[in-house]
Amino acid sequence: RFLIDRGADVHTGDDDGAQPLHAASAAGHLAVVELLLSRDAAPAPIANAGQYKGCTPAEVVCSDPGAASVGVRARIVEALRRAGGGGAAAGEAAAA
């Protein structure tokens, strides 16, 4: 929040095109996902290389069941879906 409040770009990606929303989703940090979305982070950016290649944040959160509980993963996918990212397949995968 500190960096965002001081102008950090919520869309800045790493060398692989993964954005902060990918990392927050992968780590199961619902509060960070909600913060980024509230600051207009794109809900469905696609990473172009690296470990998240071809994935949106909703797909990332569903790909590692150990990252967060089923309930947290489902809530992240729902937050992304409400913001315009994630689809039915991601929601079903989060519940698995």
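Residues numbered from 1 in each chain as written. Predicted model: local features only at pLDDT ≥ 70, side-chain atom pairs only at ≥ 80, totals over all residues. Heavy atoms only, no water.

Engineer: Would you mind going over the overall build of the protein chain in detail, with residue names and values included?
Structural biologist: Each helix and strand counted, the protein chain has 6 helices and 0 strands in total. Along the protein chain, helices (α) and strands (β) appear in the sequence α-α-α-α-α-α when read from the amino end. Across the protein chain, the fraction of contacts at a sequence separation of at least 24, relative to all contacts at a separation of at least 6, is 55%. (Helix = DSSP H or I, 4+ residues; strand = E, 2+ residues; numbered from the N terminus. Contact = heavy atoms within 4.5 Å.)

Engineer: Account for unusual backbone geometry, naming residues and giving values.
Structural biologist: The phi angle at Asp40 is positive, at roughly 70 degrees, despite the residue not being glycine. Within the secondary structure, Asp40 sits in the loop between helix 3 (30-38) and helix 4 (57-63). When its relative accessible area of 60% is taken as the criterion, Asp40 is described as exposed. (Buried < 20%, exposed > 50% of the residue type's maximum accessible area, 1.4 Å probe, protein only.)

Engineer: Got a sec to walk through the pattern of salt bridges? Specific residues and values, please.
Structural biologist: Tallied over the entire structure, the rule returns 2 salt bridges. Across the salt bridge formed by Arg39 and Asp5, the nearest N and O atoms sit 2.8 Å from each other. Residue Arg39 is located in the loop between helix 3 and helix 4, and its partner Asp5 is located in helix 1 (residues 2-5); the two are separated by 34 residues in the primary sequence. Residue classification places Asp5 among the partly exposed residues on the basis of a relative accessible area of 45%. For Glu78, the salt bridge identified is with Arg81, shortest N-O distance 3.4 Å. Within this pair, Glu78 and its partner Arg81 are both found in helix 5 (residues 70-82), separated by 3 residues, close to a single helical turn. (Salt bridge = Lys/Arg side-chain N within 4 Å of Asp/Glu carboxyl O.)

Purely geometric numbers; function is a separate question.
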